[in-house]
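Chain and residue survey
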Amino acid sequence: MPFSHRSVVSIATLALVVGSSHAFAPRQLSSSERQSKRTGTAIHMNAIVPKVAIKATAAIATVALAGTAGVKLILDRPSRTYGEGTVGDEYDEWTTDGILEYYWGEHIHLGYYSDEEMKRGYKKKNFIQAKYDFIDEMMKFGNIDPADNRQAKVLDVGCGFGGTSRYLAKALGSESHVTGITLSPKQVERGTQLAQEQGVASSTKFMVMDALNMDFPDNSFDIVWACESGEHMPDKKKYIDEMMRVLKPGGKFVMACWCQRDDSKVPFDERDKRDLKFLYEEWTHPYFVSIDAFKKLIDNTGVMGQVKTADWVKNTIPSWRHSIWVGVYDPFGWIFKVRKYLKIFRDAYCLERMHRAFKRGLMEYGMLAATKKSLE
């Protein structure tokens, strides 16, 4: 952990105290000798102590800065660059180690914090409840109403271990059916297990499937739901095209995605490019696009009605630091997993980097919704 300035000062002060103390007690001197000794010592110490102080402080500061720089150098070097199979492998590992589920519950997405909750302080809200609230808000945004969609066939694209799929199955009722797809076999296994435990096994199904090449026929689903999966897609156009293809005419589409700022309006500077590169490569993302870029991809399919968009950064940004806080407040989920420490600290560091990127407007939280045009 990097030294704070206060730590450096404290250590330097301690070094000065220890460094200026005498190693041996002096013999008894006469009064004239004592006076001469005091004068000589004062002159000697006046010359030496500042040098000792400067050297000690400089040495400690150098060590502190080197330690800080060394740790930062390690954390700033992305460790999970996107490549073939990396997304599935990463989510397999997250599912197996159980840390993510311990803190985030069944939902691997950000939470929603109302304006009132944010005024009271985000840490006063239950972290997992914020994720359920997000689903409710996303349903409203996509105009998904249990009264109108109780027999809906739903596709959850990038379902994680199925928290949202199960929630939607319960919310829409027993006549509905939700299919969740993911690249992670471990997530399918865990999602199926939880569906059985929660009594929704008959109304949910989890499958390993590539969202860019889905096996479903055209016009298969009444609702296509995509929550924080577009970030991992190497071909954003094919991602959108496939979802529009499997959506029935008159069906509803709703999507949430981490997006980067539209650089055609405000070009990226070198800092922006450096920060984006880190965010791409630390959590195995190929690249991000803007909210408007996703809207254009949907429009260009020619099969969708008017696309509604929004940036929910204000009501989701507390999630990043709240995620770190719950791990500090309750370390039981990770403290005994010593072999995971480096990965845990990397994840916490990336959470903070995400918070800062969203706060300064480099990143946006994209929400998009549209209805597929009816056949004429």
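What this report covers is the structure whose coordinates are included nearby.

Let us look at the nonpolar core. Formed by 56 residues in total, the largest nonpolar core has its most connected members in Phe134, Trp225, Trp258, Trp320, Phe358 and Tyr365. Residues Ala211, Leu212, Phe221 and Cys259 belong to the second largest nonpolar core, which totals 30 residues.

Here the phi dihedral of asparagine 219 falls at roughly 55°; this positive angle occurs in a residue that is not glycine. One can find asparagine 219 in the loop between strand S3 (204-208) and strand S4 (221-227). Phi is positive for threonine 284, close to 45°, though the residue is something other than glycine. Residue position: threonine 284 is located in the loop between helix H10 (270-282) and helix H11 (291-301).

What follows is about the sheet that holds strand S7 (residues 363-371). One open sheet accounts for 7 strands, arranged S3-S2-S1-S4-S5-S7-S6; its pairing is mixed. The strands lining the two open edges of the sheet, one partner per strand, are S3 and strand S6 (308-311). Across this sheet, the average inter-strand angle for adjacent strands is 15°, counted without regard to direction. Where helix H14 (residues 341-359) meets the sheet, its contacts fall on strand S5 (247-260) and S7, and the angle it forms with S7 comes to roughly 75°.

Moving on to the side chain of lysine 236. Within the secondary structure, lysine 236 sits in helix H9 (residues 236-246). Glutamate 231 is the oppositely charged side chain nearest to the buried, salt-bridge-free lysine 236, at an N-O distance of 6.9 Å. Ignoring sequence-local partners within four residues, the contact set of lysine 236 consists of Gly230, Glu231, Pro286, Tyr287, Val289, Phe294 and Leu297.

Attention now goes to the pattern of salt bridges. Across all of its chains, the model carries 25 salt bridges by this definition. The shortest N-O distance in the salt bridge between aspartate 97 and lysine 343 comes to 4.0 Å. Here lysine 343 lies in helix H14 and aspartate 97 lies in helix H3 (residues 86-97), a separation of 246 residues in the sequence. Of the two residues examined, aspartate 97 and lysine 343, each falls in the buried class. One salt bridge connects glutamate 270 with lysine 273, and the closest N-O pair in it is separated by 3.8 Å. With a gap of 3 residues between them, glutamate 270 and lysine 273 both fall in helix H10, about one helical turn apart. Using a relative accessible area of 57% as the deciding quantity, one classes glutamate 270 as exposed. Under the relative-accessibility criterion, lysine 273 is labelled partly exposed at 45%. A network of salt bridges, in which partner residues are shared, links Arg261, Arg271, Asp272, Asp275, Arg353 and Arg360.

Attention shifts here to the pairing of S3. With 5 bridges connecting them, strand S2 (residues 177-182) and S3 associate as parallel partners. Within S3, the residue paired with isoleucine 181 across the bridge is methionine 207. Crossover connection from S2 via helix H8 (residues 185-197) to parallel S3: handedness right-handed.

Another point: the packing of aromatic side chains. Summed over all chains, the structure comprises 19 aromatic pairs. Arranged with centres 5.5 Å apart and planes meeting at 45°, the rings of tyrosine 132 and tyrosine 167 form a pair that is tilted. With a gap of 35 residues between them, tyrosine 132 in helix H6 (residues 127-141) and tyrosine 167 in helix H7 (residues 163-172) connect regions that are remote in the sequence. Here the aromatic rings of tryptophan 334 and phenylalanine 345 are separated by 6.3 Å at their centres, their planes lie at 70°, and the arrangement is edge-to-face. On the criterion of sequence distance, the pair formed by tryptophan 334 in the loop between helix H13 (318-329) and H14 and phenylalanine 345 in helix H14 is long-range, its members being 11 residues apart. On the basis of relative accessibility, which here comes to 16%, the residue tryptophan 334 falls in the buried class. Pairwise contacts between aromatic rings join Tyr112, Phe134, Phe141, Trp312 and Tyr365 into one cluster. The ring of tyrosine 113 carries the charged tip of lysine 125 above its face, separated from the ring centre by 5.4 Å. Over the aromatic face of phenylalanine 221 sits the side chain of lysine 153, whose NZ or CZ is 5.8 Å from the ring centroid.

Calculation criteria
Residues numbered from 1 in each chain as written. Predicted model: local features only at pLDDT ≥ 70, side-chain atom pairs only at ≥ 80, totals over all residues. Heavy atoms only, no water. Core = buried A, V, L, I, M, F, W, Y, C linked by side-chain atoms within 4.5 Å. Buried < 20%, exposed > 50% of the residue type's maximum accessible area, 1.4 Å probe, protein only. Helix = DSSP H or I, 4+ residues; strand = E, 2+ residues; numbered from the N terminus. Pairing = 2+ DSSP bridges. Axes fitted to C-alpha atoms, helices over the stretch in contact; angles between N-to-C directions. Contact = heavy atoms within 4.5 Å. Lys, Arg positive; Asp, Glu negative; His and termini not counted. Salt bridge = Lys/Arg side-chain N within 4 Å of Asp/Glu carboxyl O. Right-handed = clockwise from strand over helix to strand, strands pointing away. Phe/Tyr/Trp six-rings, centres within 6.5 Å; stacked < 30°, edge-to-face > 60°. Lys NZ or Arg CZ within 6 Å of the ring centre and 35° of its normal.

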